[in-house]
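Inside the fold
Given next are the chains, with one letter for each unit.
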Amino acid sequence: MTLINSDRQRFPCDPWKLVETSFDLDSEGTMETLMALGNGHLGTRGSHAFSGAGVLPGTFINGFYETWDIQHAENAFGFARTGQRIVYVPDASNFTVIIDGEHLQLTESTVLDYRQSIDFATGIHECAIVWEARSGAKVTTVLRRAVGFESRGLMGIELTISADQEVYVDVTSAVVDRQDQPATEPSLNDPRRPGRHADRILQPLYLEGSGGALDLAWETASSHQRVALAVRHQINSEEQPFETLVAEDVSTVRYVLALEEGRTFRLEKSVSYAVGGESAAEDRGEVLVAEAEAALLDVEAIFADSADHYRRYWDVADIVIGGQPELQQAVRWNLFQLAQATARAGVSGIPAKGVTGAGYEGHYFWDQEIYLLPYLTYTNPQAARQVLESRHQMLPTARRRAAELSVDGALFAWRTINGLEASAYYAAGTAQFHIAAAIAFAANRYEWATEDPAFRDEIGADLLIETARMWVSLGFFGKDGMFHIHGVTGPDEYTAVVNDNLYTNVMARFNLRKAAAVQGRPDVTEREQQVWQQAADRMSLPYDTHLEVFSQDADFMTLEPWDWSTPRDKYPLLLHFHPLVIYRHQVLKQADTVLAMFLQWQDFTTTEKQRAFDFYDPITTGDSTLSACVQGIMAAEVGYSQTALKHFTEAVFIDLDNTHANTVDGVHIASAGGIWSSLVCGFAGMRDQGPMFHFDPRLPLGWDSLSFKLKVRGDLLSVSLAADSITFSLLDGHDAGPLAVDVRGTTVQLNPGEDVKVALEPAPVATPEVFPSSFPTTGIPIIGKGLS
């Protein structure tokens, strides 16, 4: 079942907007996510002011969280002890509008016209509704909002009301502490969904308000973080607020007035958030409130700031697809989400849902290094550096965690906000040691793409060395002379705690090689680097000689095949089968070996990649939103054009069509990052971290063109792909100089200000390898019968 693609009348195709022309209560929660606004630091969901309680309305600040003690049914040494969860900060996007005594609501009032949109070019969300009031008046309400970028804690909201006859207007603007409101979260057995705290979280510190101004501050009960709001209201008439009320959970400013025919009532609401840590006892929030107040701007300035930011953003980040308007709209929506998740995050991680929802508790995973940092490195390298700086700041905690698990160096938390491990299920959490290699890989990519010597000396070398120390102590040299890494979980969480996971070993090998090449570190001995190099050179890579395919792990080829007659309503499998059932079968949640071959593209032959894709793609469920984009990239590389397009299309509409039925909890930001890689690395065939940029283009049939830009070592590289050619333009920059790129084995020299067009022969079409069928010996439908 799709959403956007199922009704193009309700969702018309606009290349620069997502537009909804009618309200549907059944999809309200999903639309709250699709219409969300954010800047990487502050985010607010696209909830309606006219739909009652909404589904999961709220506002979030990246890294603002509460902690609690994890209670394990059966404890053991080294289990995660401290949970962290993103907090709903007090939400200022609330209004009620009463016309002639009628409370306007989408579910109860008469709606004559409705149009909700989010503009990718300006970052402005708008909802325009024409109502027929019970008094007979035709009333138009327009609600617009945007978040700030130059000042990242700001949000501006404008409400206008007009009518075709005189009406009495009663408008209440509210700030609501949603974190401590009663709430019921469905699907408690779904680990992807957020939980809620049982006790009160936000303790009021400072609550003042008068004359339409609100100054408010709270502190979290356990983590002792503070948040303050300064809210100012301004209207286009002389009327004063009817009342201003302040309370710990709901504070309001109310206007009551007669609105003449032809006159427009305009209410501007300027909001400023500030966050900080625990302060001195005598400070009851006044200092933070003053900080929020000092940053306030009027609403038009916030709107202008947003538009200016996106004007500059699209100059670099836009990706243009010729001849595919619906895909173009979907691609821009995904790129827009990437900007909303990362633009002003600062030195912090990127939550798996950005700031669009509380899914995955607001935690940072390996997603940011593997799926987001490629995009950031080549469009906003300063933001990529800040993410890596945040990992570097976690090194002391990661070193302590490594010691706790009896390994050297640093072991980064699988899921975290503050650096502590927050994954209570170690088999699909702590055992994913490959996060260490993801961080090292992203650090090396950033250094390769930017040639930032300060980063290499201050941050990059530390990350490479500390993770290499972890790998060499986690693994061991076996009797066969090879280096083995046991007891790990790779990206595929349907196969857990295994020996010699291929992805883990391949990425650890990369990590060890790069650390062995670091020069000039007095804390690293030559002997230590020799051991790293030996471990890399002797890394065990499981290979099935009968099938001539690299095995996902040492035992994967011995597992029982999954029963593919399992009904579709039993997917995702993790919600319908015990992990032990899944673990003993050949079935994948997401690309694993195939992902390794994409990231370490130089280490495998074309034949090895194709055979791996042919073997693993049919047994990959796609239960993870991280999978389709990777499968599409590798399908393009090995010569399966239609399969590549199929996977790409699935990935680009994951949230827009709510195909995983959990978009309500927030945008799948890593999948959005995968869309960037699908286009740049899949269809344009870009590969990095080699001697030079490498391009092997594979433009899909039906696409007229594909064009994008990459920030490279201070310059801007423009790439334009057609069916029979690829054109490069090295745009003038402060460091503009010659750049060499490889196109299908031919080196092309690029000079600033010149267009270089390279002719392309049609890409070869591969013939899929058909592997012998094997059949399960147990009936999964019987095992799963009666489960839900």
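Please read all numbers here as calculations on a predicted model, not as lab measurements.

From N to C terminus, the chain includes 18 helices and 34 strands. At 27 Å, the chain has a C-alpha radius of gyration in line with the 28 Å of a compact globule built from 788 residues. Its C-alpha atoms give the chain principal-axis dimensions of roughly 85 × 65 × 60 Å. When burial is assessed residue by residue, the chain has 63% of its 788 residues classed as buried. Across the chain, the fraction of contacts at a sequence separation of at least 24, relative to all contacts at a separation of at least 6, is 68%. Within the structure as shown, the chain displays about 29,300 Å² of accessible surface, and the carbon and sulfur contribution to it stands at 50%. Each charge class in the chain can be summarised by its mean position, and for the 60 positive and 104 negative side chains these summaries are 3 Å apart.

Now for the nonpolar core. Ranked by internal contacts, the top residues of the largest apolar core, which has 216 residues, are W366 and L706. Ranked by residues supplied to this core, first place goes to helix α8 (residues 435-450) with 12 residues. Setting aside residues no more than four positions away along its own chain, W366 makes contact with Y371, R391, W414, H434, I435, A438, P491, Y503, Q590, L595 and L626. Core analysis: the next-biggest nonpolar cluster, separate from the first, contains 9 residues, L205, A274, L288 and L296 among them.

Moving on, we get to helix α10 (residues 502-516). Its 15 residues place the ends of α10 21 Å apart at the C-alpha level, agreeing with the 21 Å of an ideal helix rising 1.5 Å per residue. Burial runs high along α10: 13 of the 15 residues are buried.

The subject of this paragraph is the confidence of the model for the chain. When pLDDT is averaged across the chain, the result is 94; 95% of the residues are at 70 or more. Every residue in residues 781-788 scores below 50 in pLDDT, and together they form 14 contacts with partners more than four places removed in sequence or on other chains.

You can see S677 is positioned in helix α17 (residues 669-683). What makes S677 buried here is its relative accessible area of 6%.

Our next topic: the packing of helix α14 (residues 606-616) against helix α15 (residues 627-638). A pair of packed helices can be characterised by two numbers: the angle between their axes and the separation between those axes. Where α14 contacts α15, the axes come no closer than 10 Å and their chain directions differ by 130°. For the element pair α14 / α15, the angle class is oblique. Here the hand of the crossing between α14 and α15 comes out left-handed. Between α14 and α15, the contacting residues are K609, Q610 and F613 on the first element and Q631, M634, A635, E637 and V638 on the second. The residue makeup of the contact of α14 with α15, split by class, is 4 nonpolar, 2 polar and 2 charged.

This part covers the pattern of salt bridges. Side chains that differ in sign of charge can pair as their charged atoms come close. Scanning all chains against the criterion turns up 44 salt bridges. D249 serves as the salt-bridge partner of R200, at 2.8 Å between the closest nitrogen and oxygen. On the criterion of sequence distance, the pair formed by R200 in the loop between β13 (167-176) and β14 (202-210) and D249 in the loop between β17 (243-245) and β18 (250-259) is long-range, its members being 49 residues apart. Among the residues examined, D249 registers a relative accessible area of 18% and is labelled buried. One salt bridge in this structure joins D523 and R521, with 2.9 Å as the shortest N-O distance. By sharing partners, the salt bridges in this structure join D177, D180, R200, E248 and D249 into a single network.

Now for the sheet that holds strand β9 (residues 110-119). Strand pairs in the sheet, formed through backbone hydrogen bonds, run parallel or antiparallel to each other. An order of β1-β2-β9-β10-β11-β12-β19-β16-β15-β14 is seen for the 10 strands of this open sheet, with the pairing classed as antiparallel. Looking at which strands have only one partner, the edges of the open sheet turn out to be β1 (13-14) and β14. In this structure, strand β10 (residues 124-132) lies alongside strand β11 (residues 138-147), joined through 8 bridges in antiparallel fashion. When the bridges of β11 are listed, H125 appears paired with R145.

With that out of the way, let us pick up the pairing of β13. Buried residues dominate β13, accounting for 9 of its 10 residues. Where strand β7 (residues 91-99) meets β13, 7 bridges bridge the pair, whose relative direction is antiparallel. Paired with T96 across the bridge in β13 is T172. One ladder, built from 10 bridges, connects β13 with β18; its direction is antiparallel.

Once that is clear, we can look at the environment of Q71. Tracing the sequence through the fold places Q71 in the loop between β5 (59-69) and β6 (82-89). Sequence separation between Q71 and T82 is 11 residues, and the spatial gap between their C-alpha atoms is 9.1 Å.

Take the sheet that holds strand β20 (residues 320-322) next. In space, the 5 strands of this open sheet follow the order β20-β29-β30-β31-β34, with antiparallel pairing throughout. The open sheet is flanked by β20 and β34 (755-759), the only strands paired with a single partner. Each strand of the sheet is rotated relative to its neighbour by a mean of 20°, with strand direction disregarded. Across 7 bridges, strand β30 (residues 715-722) lies against strand β31 (residues 725-731) in antiparallel orientation. Bridge assignment links L717 to a residue of β31, and that residue is L730. Along the sheet, α17 contacts β20, β29 (705-712) and β30; its crossing angle with β29, the most-contacted strand, is approximately 100°.

Turning our eyes to something else, we now look at the packing of helix α5 (residues 367-379) against α17. Relative orientation of the contacting elements α5 and α17 amounts to 50°, with a least axis distance of 8 Å. One finds that α5 runs oblique with respect to α17. Considering how the two elements wind past one another, α5 and α17 form a crossing that is left-handed. Mapping the contact onto sequence places D367, Y371, L372, P374, Y375, Y378 and T379 in α5 and I669, A670, G673, G674, W676 and S677 in α17. Across the contact of α5 with α17, the residue classes break down as 8 nonpolar, 4 polar and 1 charged.

On to the packing of aromatic side chains, then. On inspection of all chains with the given rule, the structure shows 34 aromatic pairs. For the ring pair F365 and W414, a centre distance of 6.1 Å and an interplane angle of 85° mean the geometry is edge-to-face. Of this pair, F365 sits in the loop between α4 (325-342) and α5 while W414 sits in the loop between α7 (395-404) and α8; the two residues are 49 residues apart in sequence, bridging distant segments of the chain. Taken individually, F365 and W414 each receive the classification buried, so the pair is uniform in this respect. Over the ring of F95 we find K269; its NZ or CZ atom is 4.8 Å from the centre of that ring. Across from the ring centre of W448, 4.7 Å away, lies the NZ or CZ of R713, which sits over that ring.

What follows concerns the pairing of strand β33 (residues 746-750). As judged from the 5 bridges shared by strand β32 (residues 739-743) and β33, these two strands associate in the antiparallel manner. What sits directly across from L739, in β33, is L750.

With respect to the helices, strands and loops of the structure, Q610 is situated in helix α14. Apart from the residues lying within four places of it in its own chain, the contact partners of Q610 are V638, Y640, A766, T767, P768 and E769.

Structurally, Q552 is set in the loop between β24 (549-550) and β25 (560-561). Along the sequence, Q552 and F728 sit 176 residues apart, while their C-alpha atoms lie 38 Å from each other. Apart from the residues lying within four places of it in its own chain, the contact partners of Q552 are D492, T495, D500, N501, L502, L588, D592, T593 and Y616. At a separation of 2.9 Å, a polar atom in the side chain of Q552 contacts the side chain of D492.

A full pass over the atoms with the stated rule returns 0 disulfides. Of all cysteine sulfurs in the structure, the one in C681 sits closest to C629, which takes part in no disulfide; the separation is 10 Å.

What follows concerns α5. Across its 13 residues, α5 extends 17 Å between first and last C-alpha, which sits within 8% of the 18 Å expected from 1.5 Å per residue. Where α5 bends most, the angle comes to about 55°, and this point is L373, followed within four residues by the proline P374.

Each value, and the rule that gives it
Counting of residues starts from 1 at the beginning of each chain's written sequence and follows it residue by residue. Since the coordinates come from a predicted model, pLDDT governs what is reported: local features require at least 70, and pairs of side-chain atoms require 80 or more to be given and counted, while whole-chain, interface and lining totals use all residues. Hydrogens and water molecules were not included; the side-chain quantities draw on all heavy atoms of the structure. Strands here mean DSSP runs of E at least two residues long; helices mean DSSP runs of H or I at least four residues long; both are numbered from the N terminus. Both definitions apply: the radius of gyration is a C-alpha atom measure, and the globule rule equals 2.2 Å times residues to the power 0.38. Exposure categories follow from relative accessible area, calculated using a 1.4 Å probe and restricted to protein chains: below 20% of the type maximum is buried, above 50% is exposed, and the middle band is partly exposed. By definition, residues are in contact when any of their heavy atoms lie within 4.5 Å. Accessible areas in this description were obtained via Shrake-Rupley with a 1.4 Å probe; residue shielding takes into account the shown protein chains only. Two residue types count as positive, namely Lys and Arg, and two as negative, namely Asp and Glu; His and chain ends fall outside the count. Positions of charges follow a simple convention, taking NZ of Lys, CZ of Arg, CG of Asp or CD of Glu. In plain words, nonpolar cores are sets of buried Ala, Val, Leu, Ile, Met, Phe, Trp, Tyr and Cys residues tied together by side-chain atoms within 4.5 Å. Expected span of a helix: the number of residues minus one, times 1.5 Å. The pLDDT value expresses, per residue, how confident the predictor is, ranging between 0 and 100. Between N-to-C directions, angles span 0 to 180 degrees; the directions come from axes that are lines fitted to C-alpha atoms, helices contributing only their stretch in contact. In this scheme, roughly parallel covers angles under 35 degrees and roughly antiparallel covers those over 145, while 65 to 115 is roughly perpendicular and the rest are oblique. Rotating anticlockwise by less than a right angle from the far helix to the near helix defines a left-handed crossing, while the corresponding clockwise rotation defines a right-handed one. All amino acids are sorted into three groups, where Ala, Val, Leu, Ile, Met, Phe, Trp, Tyr, Cys and Pro are nonpolar, Asp, Glu, Lys and Arg are charged, and the leftover types, Gly among them, are polar. Salt bridge, as used here, is a side-chain nitrogen of Lys or Arg placed within 4 Å of a carboxyl oxygen of Asp or Glu. For two strands to count as paired, DSSP must find a minimum of two bridges between them. Working definition: a ring pair exists when centres of Phe, Tyr or Trp rings (six-membered ring for Trp) sit within 6.5 Å. Plane angles under 30 degrees give stacked, over 60 give edge-to-face, the rest tilted. Throughout this description, the term charge over a ring refers to an Arg CZ or Lys NZ atom that lies within 6 Å of the ring centre and within 35 degrees of the ring normal. Any pair of N or O atoms that falls within 3.5 Å is considered a polar contact. Within protein, one atom must be able to donate a hydrogen and the other to accept it, and sequence-neighbouring residues count only if both atoms are side-chain atoms. The term disulfide is used for any two cysteine sulfur atoms that are within 2.5 Å. For a residue, the bend is simply the angle between two axes, fitted respectively to the seven-residue segment ending there and the seven-residue segment starting there.

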